[in-house]
Amino acid sequence: MRDVIIAQTHTSEYLLHKYWARKPHNVLNKFIAEFVKRKGVVADPFCGSGVFLREASKLGHKAYGFDVNPVATLLSDTTCNPPSYKDFRNTVEPILEKFSILCDSLYHTSNNESVRYYVHETMVECSTCKTRQSKFEAKVKGSKSICLKCGEPLSFALAHLVSTKISQVVTESTILQDAEELKYAEELCNTKKAKKNCSYDVSFTPNKRILAFKGMKTRDLFTERNFYLLSKLADLLYKIKDKKIKETSLLLLTASVAQCSRLIAYRNNLKTGGPAWSVPGFWVPAQHLETNPYKHLLARYKKFLKGIQLLNQIKTKPVSIKNIDCINFDKYINEKADLIFLDPPYGDSIPYMEFSMIWNSFLNKTIDIEKDISVSDRNDKKIDSWKNYKISLIERIKASKSCLNKDGKFLITFNNHDYRAWEALIEALQASDMVCISTKYQIPAVVSSKAQFAKDGSYISDIYSIYKHDPKSKPSQSLDEVRLDLIKSGIARDGRITKSVLYRSAFTSILKNNISSSVLKDLDSLIKSLYSISKNECFLLEVPKNMIKVNSLETIVKIQLKIFLKADKVLWNDFYAQIASVTREIGIPEPSEILNLLDGQFNIINGKIIPFTGSSLSYKQIDLF
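Residues numbered from 1 in each chain as written. Predicted model: local features only at pLDDT ≥ 70, side-chain atom pairs only at ≥ 80, totals over all residues. Heavy atoms only, no water.

1. Observations concerning the overall build of the protein
As a reminder, the rule being used: Put simply, DSSP H or I for four residues or longer makes a helix, DSSP E for two residues or longer makes a strand, and each gets a number counted from the N terminus. Our radius of gyration is a C-alpha quantity, and the globule rule it is checked against amounts to 2.2 Å times the number of residues to the power 0.38. Burial status follows relative accessibility: with a 1.4 Å probe on protein chains alone, a residue under 20% of its type maximum counts as buried, one over 50% as exposed, and anything between as partly exposed. Residue contacts are counted whenever heavy atoms from the two residues lie within 4.5 Å of one another.
Per the secondary structure count, the protein includes 19 helices and 20 strands. The C-alpha radius of gyration of the protein comes to 27 Å, within 12% of the 25 Å expected for a compact globule of 625 residues. Considering only C-alpha atoms, the protein reaches an extent of 80 × 60 × 50 Å along its principal axes. Here the protein holds 625 residues, and the buried ones make up 55% of them. Residue pairs in contact within the protein that sit at least 24 positions apart in sequence constitute 74% of those at least 6 positions apart.

2. Quick word on the environment of Asn596
Among the structural elements, Asn596 can be located in helix 19 (residues 591-597). With relative accessibility at 54%, the residue Asn596 sits in the exposed group. Separated by 530 residues in sequence, Asn596 and Phe66 place their C-alpha atoms 45 Å apart.

3. Regarding unusual backbone geometry
In most cases, non-glycine residues show a negative phi, while peptide bonds are predominantly trans. Positive phi outside glycine occurs at Asn364, with the angle close to 55 degrees. Within the secondary structure, Asn364 is located in the loop between helix 10 (357-360) and helix 11 (382-401). Judged by its relative accessible area of 41%, Asn364 falls in the partly exposed class. Unlike most non-glycine residues, Asp433 shows phi in positive territory, near 60 degrees. For Asp433, a relative accessible area of 29% puts it in the partly exposed group.

4. Some words on the packing of aromatic side chains
What counts, and what does not: Stacked, tilted and edge-to-face are the three classes assigned to paired rings of Phe, Tyr and Trp, where Trp is represented by its six-membered ring and a pair needs centres within 6.5 Å; plane angles under 30 degrees give stacked, over 60 edge-to-face, the rest tilted.
Evaluation of the coordinates by the stated rule reveals 28 aromatic pairs. With a centroid separation of 4.9 Å and an interplanar angle of 25 degrees, the aromatic rings of Phe66 and Phe329 are classed as stacked. Highlighted residues: Phe66 in strand 3 (residues 62-66) and Phe329 in the loop between strand 11 (320-322) and strand 12 (337-342), separated in sequence by 263 residues. The pair Phe66 / Phe329 is uniform in exposure class, with both members buried. Between the aromatic rings of Tyr107 and Tyr118, the centroid separation amounts to 5.7 Å while the plane-to-plane angle is 35 degrees, which identifies the pairing as tilted. Here Tyr118 lies in strand 4 (residues 115-125) and Tyr107 lies in the loop between helix 4 (85-104) and strand 4, a separation of 11 residues in the sequence. Linked through ring pairs, Tyr19, Trp20, Phe204, Phe282, Tyr352, Phe355 and Trp359 together constitute an aromatic cluster.

5. Focus: the confidence of the model for the protein
In low-pLDDT segments, the atomic positions of the prediction should not be examined closely. The test is simple: Confidence scores per residue from the predictor, reported as pLDDT, run from 0 to 100.
On average, residues of the protein score 89 in pLDDT, and 93% of them reach the 70 mark or higher. Of the regions scoring below 50 in pLDDT, residues 447-459 engages in 30 contacts with residues more than four places distant in sequence or in other chains. Taken as a whole, residues 615-625 scores under 50 in pLDDT and shows 20 contacts with residues more than four places along the chain or in a different chain.

6. Quick word on helix 1 (residues 25-35)
Considered for burial, the residues of helix 1 that qualify are His25, Asn26, Val27, Leu28, Phe31 and Ile32. Structurally, helix 1 contributes buried residues whose contacts are with strand 1 (4-6), helix 2 (51-58), strand 12, strand 13 (404-414), strand 14 (434-443) and strand 15 (462-469).

7. Points about the nonpolar core
Our working rule: Buried residues of nine kinds, namely Ala, Val, Leu, Ile, Met, Phe, Trp, Tyr and Cys, make up a nonpolar core once their side-chain atoms join them within 4.5 Å.
Core analysis: the largest hydrophobic core is formed by 83 residues, its most contacted members being Phe410, Val482 and Phe575. The residues contacting Phe575, other than those within four sequence positions of it, are Val557, Gln560, Leu561, Phe564, Ile594 and Ile609. Judged by nonpolar contacts, the second largest core, of 79 residues, contains Tyr107, Leu182, Phe222 and Ile350.

8. Re the sheet that holds strand 16 (residues 496-498)
Going by this rule: Two strands are counted as paired when DSSP detects at least two bridges linking them. Lines fitted to C-alpha atoms define the axes, with helix axes restricted to the stretch in contact, and inter-axis angles between N-to-C directions lie between 0 and 180 degrees.
Strand order in this open sheet of 3 strands is 16-18-17, and the pairing throughout is antiparallel. Each edge of the open sheet is held by one strand with a lone partner, namely strand 16 and strand 17 (531-534). Going from strand to strand, the sheet's axes swing by 25 degrees on average, the running direction of each strand aside. Pairing between strand 17 and strand 18 (residues 537-540): 4 bridges, direction antiparallel. Following the sheet pairing, Ser534 is matched in strand 18 by Glu537. Across the sheet, helix 16 (residues 523-530) lies against strand 17 and strand 18, angled at about 100 degrees from strand 17, the strand it touches most.

9. Topic: helix 3 (residues 70-80)
Counted residue by residue, helix 3 has 11 buried out of 11 residues, so it is predominantly covered. Among all positions of helix 3, only Pro70, Val71, Ala72, Thr73, Leu74, Leu75, Ser76, Asp77, Thr78, Thr79 and Cys80 are buried. Residues of helix 3 that are buried in the fold lie against helix 2, helix 7 (243-257), helix 8 (293-313), strand 11, helix 9 (352-355) and helix 10.

10. Overview of the sheet that holds strand 3
A sheet is described by the order of its strands in space; here 8 strands give the open sequence 1-14-15-13-12-2-3-11, paired in mixed fashion. Each edge of the sheet is formed by a strand with only one pairing partner; in this case those strands are strand 1 and strand 11. Strand-to-strand twist across the sheet, computed as the mean angle between neighbouring axes with direction ignored, equals 20 degrees. The pairing of strand 13 with strand 15 spans 6 bridges and is classified as antiparallel. What sits directly across from Phe414, in strand 15, is Ile463. Of the strands in this sheet, strand 2 (41-44), strand 3, strand 11, strand 12 and strand 13 are in contact with helix 2, which crosses strand 2 at around 170 degrees.

11. So, the side chain of His288
This is how it is decided: Counted as a polar contact is a pair of N or O atoms within 3.5 Å, where, for protein atoms, one must be capable of donating a hydrogen and the other of accepting one, and residues adjacent in sequence contribute only when both atoms are in side chains.
One can find His288 in strand 10 (residues 287-291). Side-chain polar atoms of His288 contact the backbone oxygen of Pro285, separated by 2.8 Å. If near-sequence neighbours (up to four positions away) are discounted, His288 is found in contact with Tyr118, Val119, His120, Thr122, Thr164, Arg262, Ile264, Ala265 and Tyr266.

12. Comments concerning the packing of helix 12 (residues 419-431) against helix 15 (residues 499-512)
Where we set the bar: By definition in this entry, angles of less than 35 degrees are roughly parallel, angles greater than 145 are roughly antiparallel, angles of 65 to 115 are roughly perpendicular, and the rest are oblique. In this scheme, a crossing is called left-handed if the near helix is turned counterclockwise away from the far one by less than a right angle; it is called right-handed if the turn is clockwise.
With their axes 12 Å apart at the nearest point, helix 12 and helix 15 run at an angle of 15 degrees to one another. If you check the angle between helix 12 and helix 15, you find them roughly parallel. For the crossing formed where helix 12 meets helix 15, the hand is right-handed. Between helix 12, through Tyr419, Trp422 and Ile426, and helix 15, the contact on the second element is made entirely by Phe507, Ile510 and Leu511.

13. Concerning the packing of helix 7 against helix 8
The condition is simple: Note on residue classes: Ala, Val, Leu, Ile, Met, Phe, Trp, Tyr, Cys and Pro are nonpolar, Asp, Glu, Lys and Arg are charged, and everything else, Gly too, is polar.
Between helix 7 and helix 8, the shortest axis-to-axis distance is 10 Å and the interhelical angle comes to 130 degrees. Classified by the angle between their axes, helix 7 and helix 8 sit oblique to one another. You can see that helix 7 and helix 8 cross each other, and the crossing is right-handed. Here Thr248, Leu251, Leu252, Ala255 and Ser256 of helix 7 come into contact with helix 8, specifically with His296, Leu297, Arg300, Tyr301, Phe304 and Ile308. Within the contact of helix 7 with helix 8, the residues separate by chemical class into 7 nonpolar, 3 polar and 1 charged.

14. Looking at the pairing of strand 18
Alternating residues of strand 18 divide into Cys538 and Leu540, all buried, and Glu537 and Phe539, none buried. Here 3 bridges tie strand 16 to strand 18, and the two strands are oriented antiparallel to one another. Within the sheet, the bridge partner assigned to Arg496 lies in strand 18 and is Phe539. In this structure, the hairpin formed by strand 17 and strand 18 is closed by a connection of 2 residues, where Lys535 is found at a positive phi of approximately 55 degrees.

15. Topic: the environment of Phe35
By the element assignment, Phe35 lies in helix 1. On a C-alpha basis, the gap between Phe35 and Pro471 in space is 21 Å, while along the polypeptide they are 436 residues apart. Discounting chain neighbours no more than four positions away, the residues touching Phe35 are Leu339, Lys409 and Ile466.

Rendered as structure tokens:
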């Protein structure tokens, strides 16, 4: 396998749900094919969306998956062990028809026209004068909202919401705002409410970072009408007799609920594409949508059904998936694994279980947030959370290693600029005598042009590492090799490099050279001794004497472009992969670096390298100076 892999876009069978951190199926397939030659055994202790498990099963291997998050195991199980397409469709569609009738009774105008959305404005109460007002009624002082009567500061966070008022009614054909129609909408909104002791109304753990406040429950994220309807649908789905179809139907429901919640902002009169939950937290915009749940559910169902159909087209071995902590998975595997995929939580990147509460609320399963090893701000104990993260990784990687056969490997993907996250992971691996034998760089399948070519280096990518058990190999206690690689990276760029590229270079070097976790705490000090840092740009302070010669990135790019054009290639991803494969020693560059070095003579259009109008540049004309 080459050192650089281009990811492919997710196909429908891997798009059943918007769960995080879904890895590209083609990348995982290639790793499995390379490291599990015979009909073997694989395991995924943090199985998430189940992509690794299904790809292993497609290749004929026996697969085991574990996750503490109920929605993750439900998604993985559906992905790997799908229900019959025909039976699922025949069971669910009559239920959706009943749900359609129920929604129609609560989402219509005064003249009985179907409603797509209601636009709500958040109402809060001034703590001083008790005046209720929306953000659009309040006064503005600087960047803050103040009470329209007494001038006291106002917060429009969900915790302070006392009610909402409907400001617009959006049908299939128009937007209504007349007073009589809005009054009718308000009256209709209050006709149905879910029971106070509804089993789907679950308490959230307070966490300031994701805006979960003390006393917050599931129904706070929805209008009363919407929560009532979603609860009614859940009741109907729980009556399905076939367990597999019932669970898959509940997965469909969880895939739809966020889109039906208050979390969807109303923007630009809905003319810029479908609204989405895009903010990393439970933020209710001051002006938000209440979606007719049937309309969204139907749209999701059509995509979901296509995925189920594709999953049924390839017959695979059943995959064992358990909703348990992987620290105990040796009790569920009676054989040693040839390959274990480790994609653990990336430090404090995402508090998986806490975010998943909006989905897990409808699964009627006991949720133990403390089983999530992610670093979290919950209960204001983040320092303790980092300690727990390290200890938890050490324990779980040790448990994983005990299930690995003599020649087995770990496949690990990890990406974080916080040395504490890397320190925890590397210490856990070294505590089990695991040593990195290779690293590979993955190019994303789809990244916006803005992200690809942003000057601040915001391109998103992953590093994959292969580890084997080697108790004789001792980790290096020195950062000298890392220091050398960091200097090379700077010299190749004439002393100026983005922070993201510099850190990527550092962590790749740390993995490659088996650097001890005990010295990672010195990484930031090392970087500061070599570079001055301003926001995302780093400037090499001094080039050491007798430094080995390093080709400049500009020279490398132009040489590779000549080779690329001579081969009559045009795809940007192919060119970027070619550059990445020869720049590992100097830090794989961001796309923006490469484009800047082409002197504005090329542009990237629809994924292809296109000369600017008037430029007749060919590989023969590229000046390599």
